[in-house]
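Commentary on secondary and tertiary structure
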Amino acid sequence: MIEMQDVWKNYPDGTPALRGINVKIDKNEFVYIVGPSGAGKSTFMKLIYREEKPTKGQISVNGFNLGKLKQRKIPYIRRNIGVIFQDFRLLPKLTVYENIAFAMEVIEAPKRLIRKRTFEVLELVNLKNKAGNLPAQLSGGEQQRVSIARAIVNNPSVIVADEPTGNLDPETSWGIMRLLEEINFRGTTILMATHNKEIVNTMRKRVIAIESGTIARDEIRGEYGYED
Ligand code: ADP
Ligand code: ADP
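Worth saying up front: this structure is predicted, and the values here are computed from it rather than measured. (Residues numbered from 1 in each chain as written. Chains lettered and ligands numbered in written order. Predicted model: local features only at pLDDT ≥ 70, side-chain atom pairs only at ≥ 80, totals over all residues. Heavy atoms only, no water.)

Our next topic: the UniProt feature "domain: ABC transporter" (unreviewed entry) in the protein chain. Taken from the UniProt record, the annotation "domain: ABC transporter" (unreviewed entry) applies to residues 2-227. Between the end C-alpha atoms of residues 2-227 the distance is 29 Å, and the span holds 33% helix and 26% strand. (UniProt positions renumbered as here; feature names shortened; annotations may be inferred. Helix = DSSP H or I, 4+ residues; strand = E, 2+ residues; numbered from the N terminus.)

Here's what the structure looks like:
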């Protein structure tokens, strides 16, 4: 469902970030993306959610060739990919409910469906009782659960998570991992870039290691493999 063929990325200032990536990720996989800082992990993820375009090569998601995508098809791809960040990126002046509902409003979902589905995902992330709170009134783990709810509210086929536990303590991080596992179990492909050795080595999923812009390792039931 995600395929890259000889993908290269140079940033406009000339920095090489990815150098000849070939990879295939099937529907329903859970994949950890690991590697040293600056190796190209975030760039790899950004190409998938189309925050960046490749300099060279082909990327397809769900059969759509991202390079040939017409401008008007971009919203379709975006709603099919939920994104989760280390720093949550919630809208500070909107309540928890509004932050999640907003993701459905931008794709012009019907009002009644927005209400029903927003409460459904609030229930899944166990935050129904915080629906009316502002993000600043929540703990870090709760804010990340809101951002997960926002990422899944439009039923994407893929979740891209860039260091989702990077700002959280170990116990809270495990809560987030249980939630991502549940979402994966319900049928969503998950790609997660992480420096969390303990999580990668405990979960034993597919591990793709990126080093200096190339794939250095790709193992089923892999390990973290670094000492940082
Ligand atoms: P990682 O996520 O593994 O830390 P990144 O994908 O963020 O790596 O970065 C890969 C390389 O691209 C690094 O050398 C980084 O400095 C560079 N880079 C990332 N974003 C930009 C940008 N917008 N402009 C120029 N260089 C960038
Ligand atoms: P953490 O252990 O992640 O640091 P906090 O101590 O920040 O958590 O929060 C503990 C609980 O108190 C959470 O349920 C959070 O929602 C609630 N809380 C924290 N700050 C506020 C606030 N300003 N208003 C309302 N509830 C808050």
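Now that the structure is up, let's keep going.
In this section: helix α6 (residues 170-185). In this model α6 runs 22 Å from its N-terminal to its C-terminal C-alpha over 16 residues, within 8% of the 22 Å that 1.5 Å per residue would give. For α6, the complete set of buried residues consists of Ser173, Ile176, Met177, Leu179, Leu180, Ile183 and Asn184. When α6 is viewed along its axis, its buried side chains cluster within an angular range of 160° and face the same direction. More than 90 degrees from the buried face of α6, the exposed residues found are Glu171, Arg178 and Phe185. (Expected span 1.5 Å × (residues − 1). Buried < 20%, exposed > 50% of the residue type's maximum accessible area, 1.4 Å probe, protein only. Arc of directions from axis to C-beta.)

This next bit is on the site of ligand 1. In the neighbourhood of ligand 1, the contacting residues comprise Tyr11, Asp13, Thr15, Ala17, Pro36, Ser37, Gly38, Ala39, Gly40, Lys41, Ser42 and Thr43. A distance of 3.1 Å separates an oxygen atom of ligand 1 from a polar atom in the backbone of Ala39. At 2.8 Å, a side-chain N or O of Lys41 approaches an oxygen atom of ligand 1. Here ligand 1 has 560 Å² of accessible area as a free molecule, and 64% of this is covered by the chains. A class-by-class count of the residues in the shell around ligand 1 yields 4 nonpolar, 6 polar and 2 charged. (Near = heavy atom within 4 Å. Polar contact = N/O pair within 3.5 Å; in protein donor to acceptor, adjacent residues only side chain to side chain. Areas by Shrake-Rupley, 256 points an atom, 1.4 Å probe, with all protein chains shown as cover. Nonpolar A, V, L, I, M, F, W, Y, C, P; charged D, E, K, R; others polar.)

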